[in-house]
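# Coordinate analysis (summary)
Chain residues, written in single-letter form:
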Amino acid sequence: MEAVPRYIPLLLIVVLTGTSAQHAHGQAFSPTGMIATGPYWSPDGQKLAFSASYSGNFDIYVIDLRNLNREQVTDHPANDLYPAWSPSGRDIAFYSDRESTVPPHPPDTVVYKIRGLYKTYARDGYLPSWSPDGNTILAHLRSERGNYEIYTMDKRARNRTPLTWNRASDVHPRFSPDGEKIVFVSGRDGQPEIYVMNADGSSQTRLTHSTAYTLDPIWSPDGQQIAYISNKTGFFDIHIMNSDGSNKRKLTNTPSYDISPVWSPEGDQILFSSDREAGIFDLFVMDKAGNNVRRITAGESNEYYGSWSPDGREIAYLSTKGGKTELYLIRADGTRQRRLTR
């Protein structure tokens, strides 16, 4: 019998099993669109988790790719967003704006507008990050001082320990593939820059030094490199550097917005979203040197939030085709596009 995942909201000390939700109240997020986040692959590649508002508030859903059955796994008047599978695939952690009088609190949704397309500051910036052993969850939360700090907690979202503590905001933390390092974005030096620290919060080191916004850091599968975006030229481009901040290289250079880099499972390719074709966002893939750029999607709608399947054969993404945001699946070579939700 298949195990039922546990659903773990980061705000409350509570575990949700199946669709049974314990009572709490909400403090306002401001997500946009019917489907706000995702898609996020289960480790076995058979399911996708996402957050959607089908009844006025955002809940977590899981769709089974074997039969396209959709399960609503949270049901609460507050908003539940950014589901993250544990390495075992047995648990899902997510942010919820259920009310709490005791900090730390979930972050308010921060968005910026790129030519009509609202995006969070990082594609997976609010996605909780699991340690490779599945015992620790990493996330940024709003402290009692009102700024954002980075916390670790156990897999029941308890025993929260701050790793950063300053008057700036430290956000979007991600464990390295081996679990020994954490990459994050901090405004402690006056603007968003990329930092790295040990998993216990020690040795916090600034990796980028720029007059521009430097955002969206994501580890390569081997942990040796970090891809990120920067708007040094006025538009966002994809950049790459070694995990110690050395050997920085700009991979894209067009008068367009190239955002949301995602490494392929083998680490040899990078998927990203760009509006370089007629101002409409599509998905593109390039090799990690920035060469052999190919367009995966094409049409008159925005395609974004691309995510590789664990075996690298397919890409799940969101599309505004038909006037509202829905979940789609396409082969990595750009063939066999399928709509998964409606």
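Shown above is the structure to which this text applies.
These notes cover the structure that comes with them. (Residues numbered from 1 in each chain as written. Predicted model: local features only at pLDDT ≥ 70, side-chain atom pairs only at ≥ 80, totals over all residues. Heavy atoms only, no water.)

## Topic: the packing of aromatic side chains
The line we're drawing: Here a Phe, Tyr or Trp ring, Trp counted by its six-membered ring, pairs with any other such ring whose centre lies within 6.5 Å, and the pair is stacked when the planes are under 30 degrees apart, edge-to-face when over 60, and tilted otherwise. Segments assigned H or I by DSSP are reported as helices when at least four residues long, segments assigned E as strands when at least two residues long, and all are numbered from the N terminus. Relative accessible area decides the class of each residue, using a 1.4 Å probe on protein chains only: under 20% of the type maximum gives buried, over 50% gives exposed, and in between gives partly exposed. Each ring is checked for a lysine NZ or an arginine CZ that lies within 6 Å of its centre and within 35 degrees of its normal; such an atom marks a charge sitting over the ring.
Scanning the model with the defined rule gives 8 aromatic pairs in all. The interplanar angle of 20° and the centroid separation of 5.8 Å between the aromatic rings of Phe50 and Tyr61 together place this pair among those described as stacked. Pair noted here: Phe50 is in strand β4 (residues 47-52) and Tyr61 is in strand β5 (residues 59-64), with a separation of 11 residues, a long-range link. With respect to class, Phe50 is no different from Tyr61; both count as buried. An angle of 25° between the planes, with centres 5.6 Å apart, marks the rings of Phe184 and Tyr195 as stacked. Taken as a pair, Phe184 in strand β16 (residues 181-186) and Tyr195 in strand β17 (residues 193-198) lie far apart in primary sequence, 11 residues in all. Residue Phe184 shares its accessibility class with Tyr195, and that shared class is buried. The structure contains a cluster of three or more aromatic residues connected by ring pairs, namely Phe50, Tyr54 and Tyr61. Directly above the aromatic system of Tyr54 lies the positively charged group of Arg70, at a separation of 4.4 Å from the ring centroid.

## Description of the nonpolar core
We apply this condition: Buried residues of nine kinds, namely Ala, Val, Leu, Ile, Met, Phe, Trp, Tyr and Cys, make up a nonpolar core once their side-chain atoms join them within 4.5 Å. Contact between two residues is taken to exist if any of their heavy atoms lie within 4.5 Å; hydrogens are not considered.
The biggest cluster of nonpolar side chains holds 37 residues, and the ones touching the most others in it are Leu48, Tyr82, Met153, Leu327 and Leu340. With near-sequence residues (within four places) excluded, Leu340 lies in contact with Leu48, Ile63, Leu65, Leu68, Leu327, Tyr328 and Leu329. Val171, Tyr257, Phe281 and Phe284 belong to the second-largest nonpolar core, a separate cluster that totals 19 residues.

## What about the sheet that holds strand β20 (residues 225-230)?
The strands making up a sheet are joined through hydrogen bonds of the backbone, oriented either antiparallel or parallel. Rules: Only strands that DSSP links by at least two bridges are regarded as paired with each other.
Strand order in the open sheet formed by 4 strands is β19-β20-β21-β22, with antiparallel pairing between adjacent strands. Both edges of this open sheet fall to β19 (214-219) and β22 (249-250), since each of them pairs with a single strand only. Bridge count between β20 and strand β21 (residues 237-242): 6 bridges; the pairing is antiparallel. Within β21, the residue paired with Ser230 across the bridge is Asp237.

## Comments concerning the pairing of β20
When you tally the buried positions in β20, you get 6 out of 6 residues, the bulk of the element. With 4 bridges joining them, β19 and β20 adopt antiparallel strand pairing. Directly across from Leu215, in β20, lies its bridge partner Ile229. Here β19 folds back onto β20 in antiparallel fashion, the turn holding 5 residues, of which Gly223 has a positive phi close to 75°. Adjacent in sequence and paired antiparallel, β20 and β21 are bridged by 6 residues, among which Gly234 carries a positive phi angle near 100°.

## Things to note about the pattern of salt bridges
The following threshold applies: Counted as salt bridges are all cases of a side-chain nitrogen of Lys or Arg within 4 Å of a carboxyl oxygen of Asp or Glu.
This structure, assessed with the given rule, holds 13 salt bridges. Put simply, Arg313 and Asp311 hold a salt bridge, and the shortest N to O gap is 4.0 Å. Classification of Arg313 as exposed rests on a relative accessible area of 64%. Residue Glu314 pairs with Arg338 through a salt bridge whose shortest N-O separation is 3.5 Å. Linking Glu314 in strand β28 (residues 314-319) with Arg338 in strand β30 (residues 338-339), this pair joins segments that are 24 residues apart in sequence.

## Overview of the sheet that holds strand β13 (residues 148-154)
The strand order across the open sheet built from 4 strands is β11-β12-β13-β14, with neighbouring strands paired in antiparallel fashion. Unpaired on one side and paired on the other, β11 (129-130) and β14 (161-162) mark the two borders of the sheet. Two strands pair when backbone bridges link them, and β13 and β14 are joined in this way by 2 bridges, in the antiparallel orientation. Residue pairing for β14: Thr152 is matched across the bridge by Thr161.

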